[in-house]
Every structure is written in structure tokens, then in C-alpha cells.
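# Architecture and fold: a report
What follows is the residue order along each chain.
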Amino acid sequence: VQQLRVARTRTAFAVCCGDGIVTWGNPTCGGDISALRDRPRNVKLVQAAGAAFAAILADGSVVTWGAPDCCDYNLPDEPRTVKEVQATDRAFAAIVADGCVVAWGNP
């Protein structure tokens, strides 16, 4: 039996199941993942802020969706492997492989 991992924003849910993510709830708070160009695969972790989600993929990359002021971000151009993501109500912070912290969202 596979254990499901559930995350929630104020008005939406995301569940890691298999190698993908299922979402439901308010689309502006992350309840509709279909807006992403490519559906996330090989998901290791989903973290929720108040109105957005961030997912770490098996290759260490991060995808975000939900409220634009929470999830618009750009990691530096050089490849970075994200080890952990934490969230506040309107922002995310990630610890990358070299120990640096990268933050994005509503300042």
C-alpha cells in the first residue's frame, strides 16, 4: 500500500500519488495544476504556501503553481539541486545542494 502525501493551501489540495500530482480546489490557490506546461513527474515532495504549491522533482528541480505573487520565481541560471523547500503564507525558500538558500514569492 502506497502512502499518499497531501499538502494544502488555504483553499486547495495537492496529493502526490504515483509519480505525479493530483490537485483540486480553488484554481487561483493552486487547485488546478493543468495551467503548467508540463505535468510534474517523479515528484519527491510538495510544499504548500497560503496560495501556491512548490514541488521538488527527483532531478532536484522545482515547479510551482498557484497565486502568481507566491510562485513566480527563477532559480539562478546554473543548475541547482534543491534539497528542501519550506513555505510561509506567501513565499517559499529552498535549500540547494551547495547549502545556499534561495527564496521567492511575495516580499
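Each remark here, short or long, concerns the structure printed above.
This section reports on the structure supplied with the text. (Residues numbered from 1 in each chain as written. Predicted model: local features only at pLDDT ≥ 70, side-chain atom pairs only at ≥ 80, totals over all residues. Heavy atoms only, no water.)

## A closer look at unusual backbone geometry
In this structure, Asn 42 is a non-glycine residue whose phi angle is positive, near 55°. Among the structural elements, Asn 42 can be located in the loop between β3 (20-25) and β4 (43-48). Residue Asn 42 is classed as partly exposed on the basis of its relative accessible area of 46%. (Helix = DSSP H or I, 4+ residues; strand = E, 2+ residues; numbered from the N terminus. Buried < 20%, exposed > 50% of the residue type's maximum accessible area, 1.4 Å probe, protein only.)

## Topic: the pattern of salt bridges
Two side chains bearing opposite charge may form a pair once their charged atoms approach each other closely. A complete count under the given rule lists 2 salt bridges for this structure. Here Asp 89 and Arg 10 are joined by a salt bridge, their closest N and O atoms 2.7 Å apart. With Asp 89 in the loop between β7 (82-87) and β8 (91-96) and Arg 10 in the loop between β1 (5-8) and β2 (12-17), this pair connects stretches of sequence that are 79 residues apart. Residue class for Arg 10 comes out partly exposed when judged on its relative accessible area of 46%. One salt bridge connects Arg 90 with Asp 69, and the closest N-O pair in it is separated by 2.5 Å. Placement of Arg 90 in the loop between β7 and β8 and of Asp 69 in helix α1 (residues 68-71) is noted, with a sequence separation of 21 residues between them. By relative accessible area, Arg 90 is classed as partly exposed at 24%. The class of Asp 69 is partly exposed, set by a relative accessible area of 33%. (Salt bridge = Lys/Arg side-chain N within 4 Å of Asp/Glu carboxyl O.)

## Here we look at the sheet that holds β1
Strand order in this open sheet of 3 strands is β1-β2-β3, and the pairing throughout is antiparallel. What marks the edges here is a single partner per strand, and that holds for β1 and β3. Geometrically, the sheet is characterised by an average inter-axis angle of 20° between neighbouring strands, direction not taken into account. (Pairing = 2+ DSSP bridges. Axes fitted to C-alpha atoms, helices over the stretch in contact; angles between N-to-C directions.)

## Overview of the side chain of Thr 23
If you trace the backbone, Thr 23 turns up in strand β3. Judged by its relative accessible area of 16%, Thr 23 falls in the buried class. Side-chain polar atoms of Thr 23 contact the backbone nitrogen of Ile 33, separated by 3.2 Å. Residues within four places of Thr 23 in sequence aside, it is in contact with Phe 13, Ala 14, Gly 30, Gly 31, Asp 32, Ile 33 and Trp 65. (Polar contact = N/O pair within 3.5 Å; in protein donor to acceptor, adjacent residues only side chain to side chain. Contact = heavy atoms within 4.5 Å.)

## Describing the environment of Asn 42
The spacing of Asn 42 and Ile 21 is 21 residues in sequence and 9.3 Å in space, taken between C-alpha atoms. In this view, Asn 42 contacts Asp 19, Ile 56, Leu 57 and Ala 58; residues no more than four positions away in its chain are not counted.

## Let's talk about the pairing of β4
Note that β4 and strand β5 (residues 52-57) share 5 bridges and pair antiparallel. Across the sheet, the residue bridging to Val 46 is Ala 55, located in β5. Hairpin connection of β4 to β5: 3 residues between the antiparallel strands.

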